[in-house]
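Commentary on secondary and tertiary structure
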Protein chains: 2
Amino acid sequence: MAPGRSRVVVVGGDAAGMAAASQALQQAAARGRDLEVVAFERGSATSYSACGIPYWVGGVVGSRDELIARTPEEHRRRGVDLRMGTEVVGLDLAARTVAWRSREGEGTEAFDELVLATGAVPRRPDAPGFDAGPEAGVHGVQTLDDGSALIADLDSGRVRRVVVVGGGYIGLEVAEACVVRGLHVTVVQRGDTPLGTVDDDMGALIAEAVRGEGVHLVTGEEVCGLELAPASEGGRDLPARVRAVHTASGLELPCDLVVLGLGVVPAVALAREAGVPLGESGAVAVDVAQRTRADGVWAAGDCTEVRHRVSGRGVHVPLGTHANKQGRVAGINLGGGYATFPGVVGTAITKVCRVEIGRTGLSTEEARAAGFQVVTTAVDSTTTAGYMPGAEPVRVKLVADERSGQLLGGQVVGRSGAGKRIDALAICVWNAMTVEEVLSLDLAYAPPFAPVWDPVLIAARKAAQAVEAACRRDG
Amino acid sequence: MAPGRSRVVVVGGDAAGMAAASQALQQAAARGRDLEVVAFERGSATSYSACGIPYWVGGVVGSRDELIARTPEEHRRRGVDLRMGTEVVGLDLAARTVAWRSREGEGTEAFDELVLATGAVPRRPDAPGFDAGPEAGVHGVQTLDDGSALIADLDSGRVRRVVVVGGGYIGLEVAEACVVRGLHVTVVQRGDTPLGTVDDDMGALIAEAVRGEGVHLVTGEEVCGLELAPASEGGRDLPARVRAVHTASGLELPCDLVVLGLGVVPAVALAREAGVPLGESGAVAVDVAQRTRADGVWAAGDCTEVRHRVSGRGVHVPLGTHANKQGRVAGINLGGGYATFPGVVGTAITKVCRVEIGRTGLSTEEARAAGFQVVTTAVDSTTTAGYMPGAEPVRVKLVADERSGQLLGGQVVGRSGAGKRIDALAICVWNAMTVEEVLSLDLAYAPPFAPVWDPVLIAARKAAQAVEAACRRDG
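Residues numbered from 1 in each chain as written. Chains lettered and ligands numbered in written order. Predicted model: local features only at pLDDT ≥ 70, side-chain atom pairs only at ≥ 80, totals over all residues. Heavy atoms only, no water.

1. What to know about the relation of the copies chain B and chain A
Aligned on chain A, chain B shows an RMSD of 0.0 Å; the corresponding rotation is 180 degrees and the shift along the axis is 0.0 Å. The symmetry that links the two subunits is that of a two-fold axis. For chain B, the smallest separation between a C-alpha atom and the rotation axis is recorded for B:Ala424, amounting to 2.7 Å. A shared binding surface is used by both copies, with 98% of the interface residues of chain B retained as interface residues in chain A. (Least-squares fit on C-alpha atoms with pLDDT ≥ 70 in both. Contact = heavy atoms within 4.5 Å.)

Given below as structure tokens:
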């Protein structure tokens, strides 16, 4: 009893949207269902790695094309009716149509099922001047088109000083890329240490690494304004350009270019206006099958809310790996198969120069905010047996429930071989293991890869002792 | 109601024995118990890294002392009554005594509780000549004293050609060390590919790496004899030395030195003769607290059997990391605390030149032998995003239960960044996750560390498809 021809409209052509589109077609074909997929992308590229943009800016990746996993042409060959450079500007759930606009014109498209994959947009400081765009030298780093604009600006020769507003993952990665380009780089942020998602003591190690590579790191400062200066060339007026960023305490940070590194907010305007319910995080609420609460409307990727498996809360965790998985799940279900997205534990990783940083689960602050009483422990070890010449330092911090000993979160900071150890902790957190169980894990040991007690296990051993001590104390 | 003074005798001074000794003292002290610990070690070192010996042989580690985690003096300062160079030669369970022998003499020692940590000894081919010792140029690689003898022999200048019998972990590591020393090295083994604990298709990649570094790898050959030749120097007779290894098919492998790389067998003579029950693997049977079935007798480390969490079988997995954990567990329990060793999943890792190899759980053959019907899948990916300059190849193979989809085992072979990915699979196997669950895991993603789908997740995705296909087929 296959239904008649059904039309799916996908809004957004990056990871989530195009994974949904291709999976839906594939699953439908396998089941002999007649499915039509129309996808809208307002930009100039599909299925690209936004996370790779900092490496393109820094010259590690040679060209824009290398960041594209699948081109519009490839998607079309697989049967997607893809409309590039076309923005969806309206959604009518009752009429089952989207309204679109492109350089060539505008129109509407009918759908039976809709996939919202509208992504996210850079968070901007709520202060005068920060609504300026790339022509003024103010750049987000979300899309390939953002990346192109940023690189063109850096290549123009008029930029010597860069201010990155926000010390998050993308902010630090772009800061490093700009240092590699020989620029003077300032990172200004509200918190005391970079990467607000790790504890301050671990963040201090990151701050040290950031400063060590020559970045001017300004912490504990709120930006309060962006100053523009008129520009001209050969008597001809040009758009005004950034001249400085000002902070609440009175600092003036002169610059020729500003990067928005405050993270992103989900792009939910379309959903909100159409009445598609949002979740507690402000992103589109979805169930485990990636269905929204509006009939026949699905959502995936950076515009959606995900369930945090430890806190149980709805959170917004924009990341390519989730977007890919969610798009796949939405597509499989749309095409007649069955798949679920079981949530996240908040795993993240980055690299600042030679320092690798990973985190998973809840930080101390997040755990307390979620209602847990915790013990935290940190240990210093090495990435290989201590006697091997390649031994590099690594610090592992764990956050555990004081009563049950459940591992709630973990953080690692260290050199080569440190970062990806966070995966072990991520899987332990995922499985709600206790630190006592974790310390017994059968992790791989050989001198070039780990000490006889892997740093992860040493940390768990110390955490188990702390849980035991807390248990005795609280009786 | 602390009991009166109690005496613990520990037989064996490496990882397991000394971890037990120091934990027992520590736990007893914390509880105000009066505990005396006497430890016997027949060799010249305590608490050393046997796994580090190949790196010492290859010159990567500069000296014997670097492999020692804690010296006899350090143990004595912590209160262990340590008898070095003293072998325990008899055990009387009824009289509660051990008999010992040293260069200085012999005697007996009484105990209330006993810890067997006698380790393992190299497996020797059951063929003429292989009972020869270091003076003939036939070397095991189990103890630091073995390492000293091997290095002295290699340093003597009389060795140009080495034959390693057995292509297991230690065999390959020593082979590489000998190549680094500029020697001609042959590895001869019975199986078709090295490392019998990985599937043949993965083993083929390892064989390629082994040959690529200049080792003469002879597979599918059973050794049938070791030929000795008389030696003399300046008219003085010296002990006979190895001249060649012969194989059943008639190959003659000329050599000046032989390394026993066939793995080890548990050193259980003492236990067996005293009537301490052994398990199905031939090693000493213990419960989760590391108690043997003989009253007041504990055991830990390479002489003991461990429970394989996937097959449920008692297996012998001699490895420093298990020895340390088991010694800790025995010691905590002896000292009045409580800890358990919950078994292993057979995780192992090694490195052959630039190729990293990891395995966990059951291989295809092991899974079938344990009664499972399995699907196996292998995928090729990269250790970082494919577009990053540091992207290295990695192949991941999974073994899953055909019906339930439970992940039974995993294997990885690849370059830098590949090997330690086995930890993720090890924890999945430990938690009996299905491949469908594994593919959804929140593993760390950023371009310098992984593709947007980590190789582990790609492998799980493919395995989940294979399970689904098998399910449809078997209906």
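2. Points about the pattern of salt bridges
The full count for this structure, using the stated rule, is 56 salt bridges over all chains. Where A:Asp199 meets A:Lys397, a salt bridge forms, and the shortest distance between an N and an O atom there is 2.8 Å. A residue pair is termed long-range when its members are at least 10 positions apart, and A:Asp199 in the loop between strand S11 (184–188) and helix H6 (200–212) and A:Lys397 in strand S24 (residues 393–401) qualify at 198 residues. Across the pair B:Arg101 and B:Glu106 runs a salt bridge whose closest N-O atoms are separated by 3.9 Å. Residues joined in a network through salt bridges with shared partners are A:Arg5, A:Arg7, A:Asp34, A:Glu36, A:Asp81, A:Arg83 and A:Glu109. (Salt bridge = Lys/Arg side-chain N within 4 Å of Asp/Glu carboxyl O. Helix = DSSP H or I, 4+ residues; strand = E, 2+ residues; numbered from the N terminus.)

3. What about the nonpolar core?
Note that soluble globular proteins tend to have their nonpolar side chains buried in a common cluster. The biggest cluster of nonpolar side chains holds 88 residues, and the ones touching the most others in it are A:Leu398, A:Leu441, B:Leu398 and B:Leu441. Those residues in contact with B:Leu441, other than ones at most four positions away along the chain, are A:Lys325, A:Ile427, A:Trp430, B:Cys428, B:Met433 and B:Leu457. (Core = buried A, V, L, I, M, F, W, Y, C linked by side-chain atoms within 4.5 Å. Buried < 20%, exposed > 50% of the residue type's maximum accessible area, 1.4 Å probe, protein only.)

4. Quick notes on the UniProt feature "domain: FAD/NAD(P)-binding" (unreviewed entry) in chain A
Those residues carrying the UniProt feature "domain: FAD/NAD(P)-binding" (unreviewed entry) are residues 7–311 of chain A in this numbering. Helix and strand shares over residues 7–311 of chain A are 23% and 31% respectively, and the end C-alpha atoms of the span are 37 Å apart. (UniProt positions renumbered as here; feature names shortened; annotations may be inferred.)

5. Some details on the packing of helix H1 (residues 15–30) of chain B against helix H8 (residues 320–334) of chain B
Residues and elements named next belong to chain B. Interhelical geometry of H1 versus H8 gives an angle of 30 degrees and a closest axis separation of 7 Å. In terms of orientation, H1 lies roughly parallel with respect to H8. Regarding H1 and H8, the two cross each other, and that crossing is right-handed. Note on element contacts: H8 touches H1 through Ala323, Asn324, Gly327, Arg328, Ala330, Gly331, Ile332 and Leu334, opposite Ala15, Ala16, Ala19, Ala20, Gln23, Ala24 and Gln27. (Axes fitted to C-alpha atoms, helices over the stretch in contact; angles between N-to-C directions. Parallel < 35°, antiparallel > 145°, perpendicular 65-115°, else oblique. Left-handed = near helix turned anticlockwise from the far one by under 90°.)

6. Some thoughts on the packing of aromatic side chains
All told, the structure shown has 0 aromatic pairs over all chains when counted by the stated rule. For the cation-ring pair, A:Lys325 lies above B:Trp453, with the distance from its terminal atom to the ring centre recorded as 5.9 Å. Between B:Arg461 and the ring centre of B:Trp453, over which it is positioned, the NZ or CZ distance is 4.4 Å. (Phe/Tyr/Trp six-rings, centres within 6.5 Å; stacked < 30°, edge-to-face > 60°. Lys NZ or Arg CZ within 6 Å of the ring centre and 35° of its normal.)

7. Remarks on the UniProt feature "domain: Pyridine nucleotide-disulphide oxidoreductase dimerisation" (unreviewed entry) in chain A
With numbering matched to this structure, UniProt assigns "domain: Pyridine nucleotide-disulphide oxidoreductase dimerisation" (unreviewed entry) to residues 348–451 of chain A. The span residues 348–451 of chain A carries 19% helix and 37% strand; its end-to-end C-alpha distance comes to 24 Å.

8. Some details on the pairing of strand S7 (residues 113–116) of chain B
Remark: a regular strand shows side chains that alternate across the two faces of the sheet. All names here are of chain B. Bridge analysis of strand S1 (residues 6–11) against S7 gives 4 bridges, and the strand direction is parallel. If you follow Val11 over to S7, its bridge partner there is Leu116. As paired elements, S7 and strand S18 (residues 297–299) share 3 bridges and run parallel to each other. The residue bridging Val115 from the neighbouring strand is Trp298, located in S18. (Pairing = 2+ DSSP bridges.)

9. Things to note about the pairing of strand S11 (residues 184–188) of chain B
Residues and elements named next belong to chain B. Judged by how many residues are buried, S11 sits mostly within the fold: 4 of 5 residues are covered. Examined bridge by bridge, strand S10 (residues 161–165) and S11 share 5 bridges and lie parallel to one another. Along S11, the bridge assignment pairs Arg161 with His184. In this fold, the crossover linking S10 to S11 by way of helix H5 (residues 169–180) has right-handed handedness. One ladder, built from 3 bridges, connects S11 with strand S12 (residues 216–218); its direction is parallel. Residue pairing in the sheet places Thr186 in a bridge with His216 of S12. Between the parallel pair S11 and S12, the chain is carried across by helix H6 (residues 200–212), and the sense of this crossover is right-handed. (Right-handed = clockwise from strand over helix to strand, strands pointing away.)

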